[in-house]
Every structure is written in C-alpha cells, then in structure tokens.
Protein chains: 2
Amino acid sequence: MVKTMNNKTPDFNRNIKLTIAYDGTCYHGFQRQSNALAIQEILETRLSVLFGHPLKITGAGRTDAGVHAYGQTVNFLTSGSTIPAGNIPKAARGLLPPDIVVTAGEEVPLAFHARRSAQSKIYIYRVLQSPLADPFRRNYSWHISQPLNVAGMNQAAQYIIGTHDFSAFRAAGGSSVKPVRTIFEASCSSLGQLIEFSFGGNGFLYHMVRNLVGTLIQVGQGRLTAEQFAGILLSRDRTQAGITAPPQGLYLKEVRYSR
Amino acid sequence: MVKTMNNKTPDFNRNIKLTIAYDGTCYHGFQRQSNALAIQEILETRLSVLFGHPLKITGAGRTDAGVHAYGQTVNFLTSGSTIPAGNIPKAARGLLPPDIVVTAGEEVPLAFHARRSAQSKIYIYRVLQSPLADPFRRNYSWHISQPLNVAGMNQAAQYIIGTHDFSAFRAAGGSSVKPVRTIFEASCSSLGQLIEFSFGGNGFLYHMVRNLVGTLIQVGQGRLTAEQFAGILLSRDRTQAGITAPPQGLYLKEVRYSR
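This structure is a prediction, so every number in the text was calculated from the model and none was measured.

S.K.: I keep staring at the pattern of salt bridges and nothing clicks. Help me out?
M.R.: Any two side chains of opposite charge can pair, so long as their charged atoms come close to each other. Residue and element names in this part refer to chain B. Scanning the entire structure with this criterion turns up 20 salt bridges over all chains. One salt bridge connects Glu-106 with Lys-17, and the closest N-O pair in it is separated by 3.1 Å. Placement of the pair is Glu-106 in strand β4 (residues 100-108) and Lys-17 in strand β1 (residues 14-22), with a sequence separation of 89 residues. For Lys-17, a relative accessible area of 12% corresponds to the buried category. With a closest N to O distance of 2.9 Å, Glu-44 and Arg-32 form a salt bridge. Taken together, the residues span a long stretch of sequence, with Glu-44 in helix α1 (residues 39-47) and Arg-32 in the loop between β1 and α1 at a distance of 12 residues. On the basis of relative accessibility, which here comes to 42%, the residue Arg-32 falls in the partly exposed class.

Shown next as structure tokens:
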C-alpha cells in the first residue's frame, strides 16, 4: 500500500458498508446540498472522527426531503482505523443525532458500491385513512379522510409488476436516464386505518414511487379503474398520471445485493 | 340571559367539552405560560374564531413539556356560536396545527369542569428496550439498551394499587397538595421491544407517573426487588425512589367522568 502524503488521495484498503435508519422529517433529503442540511453531510461529518480523515459516503438511494429509511445502505473507503465494521453501530451512537441510527456495519470488497452494486430496492408507502388526522402520524404517513378501495388499489398495482417503460410515473421535466425498470413486487394492503403500499424493483425513476401512489389513490377513490391505471402506464405520458404523493409517507425499506 | 356588553364578562349559556389528542414534542406542556408556547394557548387562540370571543379553556391534566395525550379533556364556556359541539372536531381541523387534533366534542351541563369533575385518569408510559435506538420512536418512548425484567416490574407495580400516601413519588420540592391518591390499575407488559406501563387512578401528584416508572425500571434492571419497591412507597421519602423518567414516554390516555 502506498503511503499517504499531504494533498494526495490516500490509498484505501477497507470498504465499509453501513445500513442506516433515519427519520427524514428534519432533513433536506439524503444527498449533500450546498444550502440545506442533508443526511449524507451528517454521516460524513460525524463518522469521520472514527476514521481520522474526511469521508466520502455513497448512498444507495437519494431519498427526498421528508422521506424516511429503515434500510438505506451506504459505503465508504478508509484506511484510517482498525475498528471492526460490526462495532460501528455502537460507536456511532454518541456521534449521530437521535433521528439517524446506524443499524449494521460490515466490511465488503473494495469494488462494492452502495448504489451501483445494488440489485434491488424495496420501498413502502403509508397512507392513514381516517376521518381525523393522527397527530402522531403526521410526519410518517399521508392522511386521507375519504374511504379508499384497498382491494381495487391492490388489483391496479399488479399491472406494475414486470419490465415496463415508466415514463408516465417519472418526475415531470424528466432526465436522460432510461425509463425502463423491472418491478417484481407491487401490493397494497391495510391493517386498521393504515394502508401500506410495497414496491420492489431493480431500480426506480425519480419520484416514481410517489407518482405511482398518487395515481393508485385515484383508483382507491373510484376515479380510475384498474384498467385505466394500466392504460396510463402504457401511455408513457406523465400528464395522464395523478399527483405526486407527499414525501412523509415514503420509506426506503431495504436495499438488496447479490452477495 | 343578560345581554353581553362592552368590557363586561358575558353570560355564557353553553359548556363545551372537547377531547384532544396531541404530540407534545414541540410544546412547553399543556398549561399556558408567559414565556413559552403551550397547548392551552394554541387551543384558546385558534378555537376562539369559531365562537367570536376569547376562550378560557380548562384542561383535565397539566401535561409537561414533551408529554403526549390521546385523550386530554378540556372544557370552556361560550354563548358565541350555535355550532353543534359534535361538529367542532371537523371545524377545528383547519384551525389547529397538525400535532393537535380535536377528536370529540359534546355539550355538557354548565357545572362541568374538566379537572374538578374528573373521576379518574389513565396514563401510559412507553419504554423501547432495544440495543439500538429507533429514530422513529425517539420522541415517543424512553430508550433503554439493557434487557429489563418485565414480569418483575409488573409484580412491583401491583404494590401501587390501593389508597396510599405517594410522597415518595411526588416531585422533589413538593407542594401543599395532600399526597394520598387511590390507584386502581398499575401494570407493565411488553410487545416485542415495546414495554408499556399503565396507571389508572383518581388523581396523580406532580411527576408521580414518571417517578413511579423511573423506580420500576430499577426493579427491571435487578437493582431493586419488588419488595424493596414496596418499601420505598411506604417510606414516603422521595430521596429513596429512582429518577424521574423522561417526558417523551408519557401519554395521558383517558380522563373518565361519572356521567
């Protein structure tokens, strides 16, 4: 290993993968920004004291402001510490604010990249369907007063499964990223007043889950049939789909890797 | 009814009882204060627009900063509106911040007083027992890393039931209020990592629930036996009891009236 010198990028011999849970309420999303506090910045700043050098942390998913995570995955390269990766959750406890928690740590091959190595991601989206709002769930679900047809939304969600061009559900304005994704899980179920959508796929376009939910809710309200929902997917036309569901109902549940 | 005149206290002919749920995280408790925002002030200010005059709202329990409520009860006198009391929850929706919700409203006899008429109150206290903190529960439970003996805490809690002098569990400094209270329910149970205490009684001294929990946790940690806990209760000596459990685990669940 080449010796680290001033003003030179050090040679790193360890790649650390961490699983992170966070309440996104107080942050402007995961990705570091120049003008607002992001989760990536907190992790890079606070965890660097364990390693003795600035960290460059890569996240698997760029969650938006207000979006939460049970299982965001990040990685970073280091050579600055011998701390076993499995001890990082405990060591991070006193360094991170209480709304960001490292739940697991492991050492991975140097080639591992939290985003590029990801095989699939699972997102869930929570809706609270009740006449009155719940003060304890205001930051953790989308409150909808009217009754919703859960079976109808679940039926429509089945059209999402498979390999499709999801242009109808990508953020307006779009980008140059290819719009084809493979979705292997899409469901809607309820437990009491809580309705939960679950989506698993090899990747998701920007705002795709929230746009899917915003349109599925129209099915739940009886404003679209499941077949009309399928037609919107096939149209690849963003203007046909529904609104973008608000961020606070969305959770990055899990990132899966092939290893 | 005497006609309301300028600078005179109006004669009120309606007494309104409301049930309120709130997330206490952002407030300095229920009771109005000169130097900090309290839930009482929000209710008085925001709901007054429905009645056309300033409201003087009485709460059943003076919850502390960070303490929550599923069923705080308040009342106020008015003559300024014909709105049916049952419609107030819906009308209040757009007036109150999302962390305060009116869940029920009813008209009650003029003599009803939310605090003095209360027959009993139920409080619950939540502890999260897990090696790592949960970012979603940080404001809604007391996080304790070490394992706790739930059966032992429940056994000790049984000594609380009955009519006792609770001086050992009143806030240090005390007050002139008589320290005898009758407790008809005291229990500790767990569901997964969540431990829940429940206390029902005809009244509670200041900090009494939090002091009971702080001492019961010492039983759960094996630092006190159930019999030693009973001895502390009998001692009436605050210095023998444990710490005051933090506020964010406490919820005023219900206030009961004889009607």
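S.K.: I would appreciate a short explanation of helix α1 (residues 39-51) of chain A in the present structure.
M.R.: Every α-helix carries 3.6 residues per turn, so stepping three or four residues along brings you back to the same face. All names here are of chain A. In a regular helix each residue adds 1.5 Å, so 13 residues correspond to 18 Å; α1 covers 18 Å between its end C-alpha atoms and thus fits that length. Contacts from the buried residues of α1 go to β1 (14-22), β3 (68-78), α2 (88-92) and β4 (100-108). Where α1 terminates, the next one or two residues include Gly-52, which has phi positive at roughly 75 degrees.

S.K.: Before we go on, may I ask you to explain the relation of the copies chain B and chain A in this structure?
M.R.: Two copies of a chain can be linked by a rotation about an axis combined with a shift along that same axis. Superposing chain B onto chain A requires a rotation of 180 degrees together with a translation of 0.0 Å along the rotation axis, leaving an RMSD of 0.0 Å. A rotation of that kind, with that shift, is consistent with a two-fold axis. No C-alpha of chain B lies nearer the rotation axis than that of Phe136(B), which sits 5.3 Å from it. With an isologous cut-off of 70% or more, the 100% of interface residues of chain B that recur at the interface of chain A puts this contact in the isologous class.

S.K.: Even after reading the chapter, I still don't get the interface of chain B and chain A, so can you show me in this structure?
M.R.: It is common to give the size of an interface as the accessible area lost on bringing the parts into contact. Counting from both sides, the interface comprises 24 residues of chain B and, opposite them, 24 residues of chain A. Looking at the side of chain B facing chain A, the largest losses of area belong to Leu132(B), Phe136(B) and Arg138(B), adding up to 37% of the total buried there. A salt bridge links Asp99(A) to Arg138(B); its shortest N-O distance comes to 3.9 Å. Where chain B touches chain A, the interface holds 4 residue pairs in polar contact (both at pLDDT 80 or more). Broken down by secondary-structure element, the contributors of at least two residues to the side of chain B that touches chain A are β1, β3 (68-78) and β4 of chain B. Here the side of chain B that touches chain A gets 4 residues from one element, more than from any other, and that element is β4(B). Split into classes, the residues belonging to the side of chain B that touches chain A amount to 17 nonpolar, 3 polar and 4 charged.

S.K.: Even after reading the chapter, I still don't get the packing of helix α4 (residues 208-220) of chain B against helix α5 (residues 226-235) of chain B, so can you show me in this structure?
M.R.: Residues and elements named next belong to chain B. For the pair α4 and α5, the least separation of the axes is 9 Å and the interaxial angle reads 150 degrees. Considering their axes alone, α4 and α5 lie roughly antiparallel with respect to each other. Taken as a pair, α4 and α5 cross one another with a handedness that is right-handed. For the pair α4 and α5, the contacting residues are Leu-212, Thr-215, Leu-216 and Val-219 in the first and Ala-226, Phe-229 and Ile-232 in the second. Of the residues that constitute the contact of α4 with α5, the class distribution is 6 nonpolar, 1 polar and no charged.

S.K.: Mind showing me how you'd approach the UniProt feature "active site" (unreviewed entry) in chain A here?
M.R.: All names here are of chain A. UniProt annotation of "active site" (unreviewed entry) refers to Asp-64 when read in the numbering used here. Here Asp-64 lies in the loop between β2 (58-59) and β3. Excluding anything up to four places from it in sequence, Asp-64 contacts Gly-29, Tyr-206, His-207 and Arg-210.

S.K.: Just checking my understanding: could you explain the pairing of strand β5 (residues 118-129) of chain A for this structure?
M.R.: Consecutive side chains along a regular strand alternate between the two faces of the sheet. All names here are of chain A. Of all 12 residues that make up β5, 11 are buried, and the element is covered over most of its length. Where β5 meets strand β10 (residues 250-257), 7 bridges bridge the pair, whose relative direction is antiparallel. Each bridged residue has a counterpart across the sheet, and for Ala-118 the counterpart in β10 is Tyr-257. Pairing analysis gives 8 bridges linking β5 to strand β9 (residues 194-201), with the strands arranged antiparallel. Following the sheet pairing, Tyr-123 is matched in β9 by Phe-199.

S.K.: Looking at this structure, how should I read the domain arrangement of chain A?
M.R.: All names here are of chain A. The assigned domain composition of chain A is domain 1 (14-108) and domain 2 (118-257). Taken over C-alpha atoms, the centre of domain 1 sits 27 Å from the centre of domain 2. Taken together, the contact between domain 1 and domain 2 spans 16 residues of the former and 17 residues of the latter. Summed over both sides, the interface of domain 1 with domain 2 buries roughly 1,300 Å², with 55% coming from carbon and sulfur. Per-residue buried area on domain 1 facing domain 2 is highest for Asp-64, His-68 and Tyr-70; these three make up 41% of the total on that side. Across the contact surface, domain 1 and domain 2 share 1 salt bridge.

Calculation notes
- Residues numbered from 1 in each chain as written.
- Chains lettered and ligands numbered in written order.
- Predicted model: local features only at pLDDT ≥ 70, side-chain atom pairs only at ≥ 80, totals over all residues.
- Heavy atoms only, no water.
- Salt bridge = Lys/Arg side-chain N within 4 Å of Asp/Glu carboxyl O.
- Helix = DSSP H or I, 4+ residues; strand = E, 2+ residues; numbered from the N terminus.
- Buried < 20%, exposed > 50% of the residue type's maximum accessible area, 1.4 Å probe, protein only.
- Expected span 1.5 Å × (residues − 1).
- Contact = heavy atoms within 4.5 Å.
- Least-squares fit on C-alpha atoms with pLDDT ≥ 70 in both.
- Buried area = accessible area lost by both parts, 1.4 Å probe.
- Polar contact = N/O pair within 3.5 Å; in protein donor to acceptor, adjacent residues only side chain to side chain.
- Nonpolar A, V, L, I, M, F, W, Y, C, P; charged D, E, K, R; others polar.
- Axes fitted to C-alpha atoms, helices over the stretch in contact; angles between N-to-C directions.
- Parallel < 35°, antiparallel > 145°, perpendicular 65-115°, else oblique.
- Left-handed = near helix turned anticlockwise from the far one by under 90°.
- UniProt positions renumbered as here; feature names shortened; annotations may be inferred.
- Pairing = 2+ DSSP bridges.
- Domains from an automatic or database assignment.

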